[in-house]
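Reading the structure
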Amino acid sequence: MNSRILVVDDDTALAEMIGIVLRSEGFEPHFCADGSEALAAFHAAKPDLVLLDLMLPGMDGIEVCSRIREESGIPIIMLTAKSDTADVVKGLESGADDYVVKPFNPKELVARIRTRLRPTPETSSETLQVGDIVLDVAGHEVRRGDARINLTPLEFELLLALAVKPQQVFTREMLLEQVWGYHYKADTRLVNVHVQRLRAKVELDPDNPRIVMTVRGVGYRAGSPA
Amino acid sequence: MPGFSLRRALWRLVALWRGSLQLRTVAITVLLSAVGIGIIGSYMSLSVGNNLFDNRLQLAQDASERATVAAQKRFATVEGVVAPDLEVTMQDAYTAAAQAAATPSGTSIAILRTEGQSGPSSPTNRVTPGLDPDAVLSEDLRNDVASEGDVPQLHWQSVSLTTDGVTDPAIAYGSVLEVPGSGQYELYLVYNLADTQQILSFVQQSILLGGSALVLLIGAVTWIVVRLVVGPVRLAAETSEKLAAGDLEVRIPVRGADELATLARSFNGMASSLQHQITRLATLSNVQQRFVSDVSHELRTPLTTIRLAGDVLYDQRDSFPPTTARTAELLHSQVERFEVLLADLLEMSRYDAGAVDMDSEPTNLVRLAEVAIESVSSLAASTGTELRLVAPGGYFEADVDARRIRRILLNLLGNAIDHGESRPIVVYIDSDSDAVAIAVRDYGVGMTEASMARVFDRFWRADPSRQRTTGGTGLGLAISLEDAALHGGWLEVWSEPGEGSCFRLTIPRVRGAELRSSPLELPPVDPVPEREDS
């Protein structure tokens, strides 16, 4: 079955062109040109991934992004015309998994989409322990005791990447390659923002992290099992 | 050191003196009025003293004359009488003189037989208890009195009386008494002037006190008056400092219609016009920034569509007739070029609008350089250029915006490959305690002096006829220069025609620190130095 992709963009020419590219790559595109209708379209199309323009009539792309995040963890990739720090960070903080800066080329876009839609990498063990929480790899679940912690697929993958090699310190570049599939481009803000979001969910005290530890000047590593 | 601290105190005093008009005015006024009041006070005190003394002298003279006459009269009635009676008469005369010359602060009397006379030395001398004639009466006075002729005459002298350790000024009057049958005696009347001295002291004290109070009053008045004038001036100075520091809202309160109010009004007028201008410029700058941002968005969306369309066509070019295929290729490459140009233009205009932020983090520059070299390796391979990295000293971290430094490096490497004539290109990295430096050295065509001076200009090209492999926009070095400046660093160039070029980037290790020197020579010393690992 083809993956369904919801393209939310007010520029019909661009949306149509993206549609052509997606179809040629075997995806099934759905379209929405207005921010205020985006949620309805999201419910109707039940997409596997959302491509979301940041500048939309009706409702701001960032607003749409956080509305979708409230009810679903599906991958969201922002299409942004601005590479300015503030906008990108705002989009990532509102829940977007990744972003593509206009003008992008089709290969770049498709590569980003495929990375987000790929299945979670295989691991040898069924469950992993980080700090006082347990990752159920097969069930895509994270638990602290009996309480289930809701993570988006990206957050789960980020935590999993750290948990699989608890002895390893991951630089931001390593995480960008492993989780986001970047080989050259190194916008480390992606890692920073998502680590913040992940910590907000899994840490008991996000200011004093025990699960995702910072290694100063290098990167991150998983906390030792408690 | 006391000498040193004394000098410092002196310096501070001088600085205070120079720094405060108020202090200076008050000090000069107080000093001058103190001198004036001092002169007037001294004159007053002197004239009052003289007056008092003359007065007392006159009184004393009158009293002495009376006393002399009274005492002499006693002896006139006892002519030709024997000694025992003379003693009584002498006592009588003494009492009469004491009565005639009595004063409130006391008069002492001495009746002494003139020395050097023949005959019996009776009656005996009479002296008021407490008076020591030898200590009080000088030799000169006694001689003057004793050597007097037939005409009775009064002699006087200022003396000092010491009673119970207290010395008082006094006047001594001397005259002659003729004692029948015995000879010449001298009558001395010593008038104590303690009460007069007391009055004089009191007057002097009053003058001193009044004068001091007057000086203080003048000082205070001057201080207030100067403050009235200096205060607004000082306020104006403080206000203009605040204005200069960027607080455009400050104004001087205007009171009344005098000169100071005029100053305040014109100052406020100046501040308002300044504020107006600055606000206008700030608005313009904001409009410019928003315009740039809007253009960015508006241009990029259609460009993205064109890009996607071009790429789709480009991917299928094999299935097109040759002319159409070539068209698709040209479209593809030129859209790419347009994109880079747009990005550079936007970056440049962001710098011009002052709307750039730095996203700095501790970065390993050697790793960054390795990645940059890696990413241009295919381009280098296409021209057969060898890329070398020389990084003695090992591991350096600096607080930089990695994206911008990478952009500078890629740009320098691209230029070096373009102009390097396929000869090796060496990237040097070194650091010291304050700074890190990266130099990109090529051994290609090099540049003339004139070219070097223009190399950072926008859209300037060293040789317009030269083939461009990297498809530079002409903005690369201009942006690199801005990127370096944003870090508080330097981007410098060395070049010789035929010898090649070297661009050296130096940035402070810590953000905001000032650069003094670069850890690398320009150009770095050849050949490649030995590694100094320990």
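Residues numbered from 1 in each chain as written. Chains lettered and ligands numbered in written order. Predicted model: local features only at pLDDT ≥ 70, side-chain atom pairs only at ≥ 80, totals over all residues.

**Observations concerning the overall build of chain B**
Each helix and strand counted, chain B has 13 helices and 12 strands in total. Within the span of chain B, comprising 534 residues, buried residues form 25% of the whole. The long-range fraction of contacts in chain B, counting pairs at least 24 apart against all pairs at least 6 apart in sequence, stands at 67%. (Helix = DSSP H or I, 4+ residues; strand = E, 2+ residues; numbered from the N terminus. Buried ≥ 20, exposed ≤ 12 C-beta atoms within 10 Å, placed from the backbone. Contact = placed C-beta atoms within 7 Å.)

**Section: the pairing of strand E9 (residues 425-431) of chain B**
Residue and element names in this part refer to chain B. E9 sits mainly inside the fold: 7 of its 7 residues count as buried. Of the two faces of E9, the one lined by Ile-425, Val-427, Ile-429 and Ser-431 and the one lined by Val-426, Tyr-428 and Asp-430 are each fully buried. Note that E9 and strand E10 (residues 435-441) share 6 bridges and pair antiparallel. Paired with Tyr-428 across the strands is Ala-439, a residue of E10. Two successive antiparallel strands, E9 and E10, enclose a turn made up of 3 residues. (Pairing = 2+ DSSP bridges.)

**Some words on the interface of chain B and chain A**
Contacts between the two partners involve 19 residues from chain B, matched on the other side by 18 residues from chain A. A per-element tally of the side of chain B that touches chain A places helix H7 (residues 259-315) of chain B first, with 13 residues.

**Structural notes on helix H2 (residues 21-76) of chain B**
Its 56 residues give H2 of chain B an end-to-end C-alpha distance of 82 Å, which sits within 8% of 82 Å, the value for a rise of 1.5 Å per residue. What H2 of chain B keeps buried is the set Val-26, Ala-60, Ser-64, Ala-67, Thr-68, Ala-71, Gln-72, Arg-74 and Phe-75 of chain B. (Expected span 1.5 Å × (residues − 1).)

**Re the sheet that holds strand E2 (residues 126-127) of chain B**
Residues and elements named next belong to chain B. Pairing within the open sheet is antiparallel, and its 5 strands lie in the order E2-E1-E5-E4-E3. Single-partner strands in this sheet number two, and they are E2 and strand E3 (155-163). For strand E4 (residues 166-179) and strand E5 (residues 183-192), the ladder comprises 10 bridges, and the chain directions are antiparallel. Across the sheet, the residue bridging to Ala-170 is Asn-192, located in E5. Of the strands in this sheet, E3, E4 and E5 are in contact with helix H5 (residues 139-146), which crosses E4 at around 20 degrees. (Axes fitted to C-alpha atoms, helices over the stretch in contact; angles between N-to-C directions.)

**What about the pairing of strand E11 (residues 212-215) of chain A?**
All names here are of chain A. Summarising the sheet, E11 and strand E12 (residues 219-222) pair through 4 bridges and their orientation is antiparallel. Among the inter-strand pairings, Val-212 is bridged to a residue of E12, identified as Ala-222. The hairpin turn running from E11 into E12, its antiparallel successor, is 3 residues long, and Gly-217 in that turn takes a positive phi close to 80 degrees.

**Observations regarding the nonpolar core**
Ranked by size, the top nonpolar core spans 65 residues in total, and within it Val-8, Ile-18, Val-50, Leu-51, Leu-52, Ile-76 and Leu-159 of chain A carry the most contacts. Per-element tally for this core: the top contributor is helix H6 (residues 153-164) of chain A, with 7 residues. Composition of this core by domain shows at least three residues from each of domain 1 (4-117) and domain 2 (127-222) of chain A. Apart from residues no more than four positions distant in its own chain, Ile-76 of chain A is found in contact with Val-50, Leu-52, Cys-65, Ile-68, Gly-95, Ala-96 and Asp-97 of chain A. Core analysis: the second largest hydrophobic core is formed by 38 residues, Ala-416, Ala-439, Ile-479 and Leu-505 of chain B among them. (Core = buried A, V, L, I, M, F, W, Y, C linked by C-beta atoms within 7 Å. Domains from an automatic or database assignment.)

**Focus: helix H13 (residues 476-486) of chain B**
Residues and elements named next belong to chain B. A large share of H13 lies buried, amounting to 8 of its 11 residues. If you follow the buried residues of H13, they end up packed against helix H8 (322-352), helix H11 (402-419) and strand E11 (490-496). Once H13 finishes, Gly-488 follows within two positions and takes phi at roughly 75 degrees, a positive value.

**Concerning unusual backbone geometry**
Of note, the amide linkage connecting Lys-102 of chain A to Pro-103 of chain A takes the cis form, showing an omega dihedral of -5 degrees. You can see Pro-103 of chain A is positioned in the loop between strand E5 (98-101) and helix H5 (106-117). Between Leu-522 of chain B and Pro-523 of chain B the backbone carries a cis peptide bond, its omega angle lying at -10 degrees. Mapped onto the elements of the fold, Pro-523 of chain B is located in the segment after strand E12 (500-508). Unlike most non-glycine residues, Lys-46 of chain A shows phi in positive territory, near 45 degrees. Mapped onto the elements of the fold, Lys-46 of chain A is located in the loop between helix H2 (38-45) and strand E3 (49-53). In this structure, Glu-421 of chain B is a non-glycine residue whose phi angle is positive, near 55 degrees. Secondary-structure assignment places Glu-421 of chain B in the loop between H11 and E9.

**Describing the sheet that holds E5 of chain A**
All names here are of chain A. The sheet built from 5 strands is open, its strands ordered E2-E1-E3-E4-E5 with parallel pairing. Lying at the two open borders of the sheet, with one neighbouring strand each, are strand E2 (28-32) and E5. Put simply, the sheet's adjacent strands are angled 20 degrees from each other on average, direction ignored. Alignment of strand E1 (residues 4-8) against E2, held across 5 bridges, turns out to be parallel. Bridge assignment links Val-7 to a residue of E2, and that residue is Phe-31.

**Side note on the environment of Phe-104 of chain A**
Counting through the fold element by element, Phe-104 of chain A comes out in the loop between E5 and H5. In this structure the C-alpha to C-alpha distance between Phe-104 of chain A and Ala-81 of chain A, which are 23 residues apart in sequence, comes to 9.8 Å. Excluding residues within four positions of it along the chain, Phe-104 of chain A makes contact with Leu-109 of chain A together with Thr-304 of chain B.

**So, the packing of H6 of chain A against helix H8 (residues 189-202) of chain A**
Residue and element names in this part refer to chain A. In the contact formed by H6 and H8, the axes pass within 10 Å of each other and the chain directions differ by 90 degrees. When the axes of H6 and H8 are compared, the pair comes out roughly perpendicular. Residues Leu-154, Glu-155, Leu-158 and Leu-159 of H6 lie in contact with H8, whose contacting residues are His-194, Arg-197, Leu-198, Lys-201 and Val-202. Looking at side-chain class alone, the contact of H6 with H8 contains 5 nonpolar, 1 polar and 3 charged residues. (Parallel < 35°, antiparallel > 145°, perpendicular 65-115°, else oblique. Nonpolar A, V, L, I, M, F, W, Y, C, P; charged D, E, K, R; others polar.)

**Here's the deal with the environment of Leu-520 of chain B**
All names here are of chain B. Relative to the elements of secondary structure, Leu-520 occurs in the segment after E12. Note on Leu-520: 24 C-beta atoms within 10 Å, which makes it buried. Along the backbone, Leu-520 and Thr-506 are 14 residues apart, and their C-alpha atoms lie at a distance of 8.4 Å. Ignoring anything within four residues of it in the chain, the contact list for Leu-520 reads Tyr-428, Asp-430, Ala-437, Ala-439 and Arg-504.

Any functional reading would require information that these geometric values do not contain.
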